[in-house]
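Below are the chains, spelled out letter by letter.
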Amino acid sequence: MSSLAGPFGPSSVRREYARRAQETDREFPSEVITVTHCGKLGDFIASLPVASWLYKTRSRKIHFVLARRFPLFEKAVTLLKLQEMTHEVTLADFPVADWEKGGRPYHHDPNAFGIPCVEYYSFGLRRTPRKLVPEYVAEEHGLGYDPEFRLKLGELERTDEVLLSDEFMRPEVSHAVPIDLSQDLLLNARRMAAARESHVCQSGMFHILDWAGVTPTAVYIYPHSANIMHFTLRLPEHNYRFVQRVVRLAQ
C-alpha cells in the first residue's frame, strides 16, 4: 500500500474516518461502500482515484450513486462497470442545481432516495479547488487517493480516424471529425484512444483519456481551462496548444 497517498485532511476528520471504517468493517464485513456524485464529468473522473483508495485499503467494492439530472452520467455506466472496483452504478433523483459550481448541493444520503447503504461518501467540490482534485476531495472525508489509478477502457484496435472531442473546437482542428456526444462514453473513449489523431480540450473526454493513461495528440487550452493542472498527474506528458478564443462548455 506504499504507493497510496494520504489520508488527508485535519486530524479530527482522519480520526473520524478511521473510527467509522473500523466499526463498519467489524459490524458489516461484506458491505460495499457507496460513493455519490452530482457532476460535472471531469470533477467526477478526477475523484475516482479516491474511490480506488477506498477499494484498495478496505477491500470493499464501490457502489456509485450518481445524479440522474446530470445527463452524461447515464452514458458513463458501462465505463464504470468495467472498473475492478465497481460493484454497481445507480442513478438517483438527487435535487441538483448550479452546474457552474459542479452541482449543488452535492451532499446527499442515498438512503433518503431508496438506496440502502451503511457507509457512504459524497464526493464533490465544496468550492473551486486550488490543489490536485483527488487530494482536495479526499481531505474533506479524511481519505487518501490512489496515484496509480488507471481507468480501464478494454481492448483497442487502432484506426485511421482523426477525431476531436467537442464540436466547438472545429476552428482549431478543421481536418478532424467530432465524436458523437450522444453516444456511450466508453465507446467514444475507445474511439479517441484508438484514433490516429485525437484532439481534446479540457472537457470530460480529456479527463477520461488522461486517467486511462492515454496521451492525446494535442490538448487545447481555452480560457476556461486555467485550472487544468489540478485535474491531472500527467501534466508534463501532454502536448498543449493555447487558444485565446472564448468558448462556453455546456457540461
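So, here is what we can say about the structure in this document.

With that out of the way, let us pick up the nonpolar core. Membership of the largest hydrophobic core comes to 63 residues, with the highest contact counts inside it found for Leu-54 and Phe-64. Here this core gets 10 residues from one element, more than from any other, and that element is helix H2 (residues 41-58). The contacts of Leu-54, once residues within four sequence positions are left out, are Tyr-17, Ile-33, Val-35, Ser-59, Ile-62, Tyr-121, Phe-123 and Leu-143. Residues Leu-164, Val-173, Ala-218 and Val-247 belong to the second largest nonpolar core, which totals 12 residues.

Attention now moves to the packing of aromatic side chains. Inspection of every chain in the model, using the stated rule, returns nine aromatic pairs. With a centroid separation of 5.8 Å and an interplanar angle of 15°, the aromatic rings of Phe-8 and Tyr-145 are classed as stacked. Of this pair, Phe-8 sits in the segment before helix H1 (11-27) while Tyr-145 is found in the loop between helix H5 (133-141) and strand E5 (162-164), placing the two residues 137 residues apart along the sequence. Residue Phe-8 shares its accessibility class with Tyr-145, and that shared class is buried. Pairing Phe-94 with Phe-113 gives two aromatic rings, centres 4.9 Å apart and planes at 85°, and the pair type is edge-to-face. Within this pair, whereas Phe-94 is found in the loop between strand E3 (86-92) and strand E4 (120-122), its partner Phe-113 is found in the loop between E3 and E4, the two being separated by 19 residues in sequence. Under the relative-accessibility criterion, Phe-94 is labelled buried at 0%. Pairwise contacts between aromatic rings join Phe-44, Phe-64, Phe-70 and Phe-73 into one cluster. Seen from the ring of Tyr-120, Arg-20 lies directly overhead, with NZ or CZ sitting 5.8 Å from the centre.

So, on to the pattern of salt bridges. Proximity of charged atoms lets side chains of opposite charge pair with each other. Scanning the model with the defined rule gives 21 salt bridges in all. Where Asp-146 meets Lys-56, a salt bridge forms, and the shortest distance between an N and an O atom there is 2.8 Å. With a gap of 90 residues between them, Asp-146 in the loop between H5 and E5 and Lys-56 in helix H2 connect regions that are remote in the sequence. Residue classification places Lys-56 among the partly exposed residues on the basis of a relative accessible area of 32%. A salt bridge links Lys-152 to Glu-84, with the nearest nitrogen and oxygen atoms 3.9 Å apart. Taken together, the positions of Lys-152 in the loop between H5 and E5 and Glu-84 in the loop between helix H4 (77-81) and E3 put the pair 68 residues apart, joining distant regions of the chain. Under the relative-accessibility criterion, Lys-152 is labelled partly exposed at 42%. Residue class for Glu-84 comes out partly exposed when judged on its relative accessible area of 46%. Residues participating in the shared-partner salt-bridge network are Arg-126, Lys-131, Glu-135, Glu-139 and Glu-140.

Reading the values: rules and limits
- Residues numbered from 1 in each chain as written.
- Predicted model: local features only at pLDDT ≥ 70, side-chain atom pairs only at ≥ 80, totals over all residues.
- Heavy atoms only, no water.
- Core = buried A, V, L, I, M, F, W, Y, C linked by side-chain atoms within 4.5 Å.
- Buried < 20%, exposed > 50% of the residue type's maximum accessible area, 1.4 Å probe, protein only.
- Helix = DSSP H or I, 4+ residues; strand = E, 2+ residues; numbered from the N terminus.
- Contact = heavy atoms within 4.5 Å.
- Phe/Tyr/Trp six-rings, centres within 6.5 Å; stacked < 30°, edge-to-face > 60°.
- Lys NZ or Arg CZ within 6 Å of the ring centre and 35° of its normal.
- Salt bridge = Lys/Arg side-chain N within 4 Å of Asp/Glu carboxyl O.

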